[in-house]
Amino acid sequence: QLLREGVLEALLRIIGPVAGSDRVGGLPDAEAASLVRELVALGYRIAAGDQGPQTRLDAAMLSSATHTGWALAGRGPYSAKHWYLANELSTGLGLRKMVATACLLPAVWSRIATGDTRYGNPDMLAQAWSWLGEADPVAGLRSVLRDWGLEYEIAAPEPVLAEVAERAVRSWGGRLPMLAGLTVADVRELYGDMVGVRRGA
């Protein structure tokens, strides 16, 4: 499970900054596309049960390639909005970061895809997902999460979600660039649209 989550995290180090940017930059598209395809193929290998030493080494090598600084080079430094939102959610609900990310990301990408530029750039998201030969990034993401066994059911009491939304905007929004333009109500609505959420008092 942690291997699959780790591959997803590495994948998002590439696609996240692309989806949130209003300009082209970073690793040339051909190289970025190749790395994205390798990571997705690796995730499917792991999900199919291949978790041996070579697969773990492949995961480590591909993950290290996403840490070389190119992912944000030439892009907005705070372009991967989902990180800030998922980190606050992870802390507030006591979840692993990638569990929170897997639950939240489809809602974030849905907003980007429909043109809400506060979360990202729809053209750049579509471009990044087209590297996998697919046209619909939200449907494609859901398929990957399902196929990799990263669809989670989490308990998210309403008061806690409200508190997390307020803390996210206080920590990263307002005059800060990370979540600029988002209100507490916006973030609370986003958290309410997460997949796999059991709500309660």
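Residues numbered from 1 in each chain as written. Predicted model: local features only at pLDDT ≥ 70, side-chain atom pairs only at ≥ 80, totals over all residues. Heavy atoms only, no water.

S.K.: Would you mind going over empty space enclosed by the protein in detail, with residue names and values included?
M.R.: The final tally for this structure, using the stated rule, is 1 cavity of 30 Å³ or more. In this structure, the largest cavity spans a volume of roughly 40 Å³. Lining of the largest cavity is provided by G16, A19, G20, S79, A80, K81, H82, V108, W109, I112 and Y119. The element that contributes the greatest number of residues to the lining of the largest cavity is helix α5 (residues 97-113), accounting for 3 residues. Residues that form the lining of the largest cavity fall into these classes: 6 nonpolar, 4 polar and 1 charged. (1 Å grid on protein atoms, 1.4 Å probe; cavity = no way out; pocket = protein on both sides within 12 Å on 5 of 7 lines; lining within 4 Å. Points joined across faces, edges and corners; volume = space filled by probe spheres on them. Helix = DSSP H or I, 4+ residues; strand = E, 2+ residues; numbered from the N terminus. Nonpolar A, V, L, I, M, F, W, Y, C, P; charged D, E, K, R; others polar.)

S.K.: Just give me the short version of the packing of aromatic side chains, but keep the residues and values in it.
M.R.: By convention here, two paired aromatic rings are described through the distance between centres and the angle between planes. Overall, the coordinates contain 3 aromatic pairs when judged by the stated rule. Ring plane angle 45 degrees and centroid distance 4.9 Å describe the contact between Y84 and W172, whose orientation is recorded as tilted. Of this pair, Y84 sits in helix α4 (residues 81-93) while W172 sits in helix α8 (residues 158-172); the two residues are 88 residues apart in sequence, bridging distant segments of the chain. According to the relative accessible area criterion, Y84 is buried, its value standing at 14%. Taking 5.6 Å as the distance between ring centres and 75 degrees as the angle between the ring planes, the aromatic pair formed by W109 and W129 counts as edge-to-face. Of this pair, W109 sits in helix α5 while W129 is found in helix α6 (residues 122-130), placing the two residues 20 residues apart along the sequence. Just as W109 is buried, W129 falls in that class too. (Phe/Tyr/Trp six-rings, centres within 6.5 Å; stacked < 30°, edge-to-face > 60°. Buried < 20%, exposed > 50% of the residue type's maximum accessible area, 1.4 Å probe, protein only.)

Purely spatial values, then, with no claim about function.
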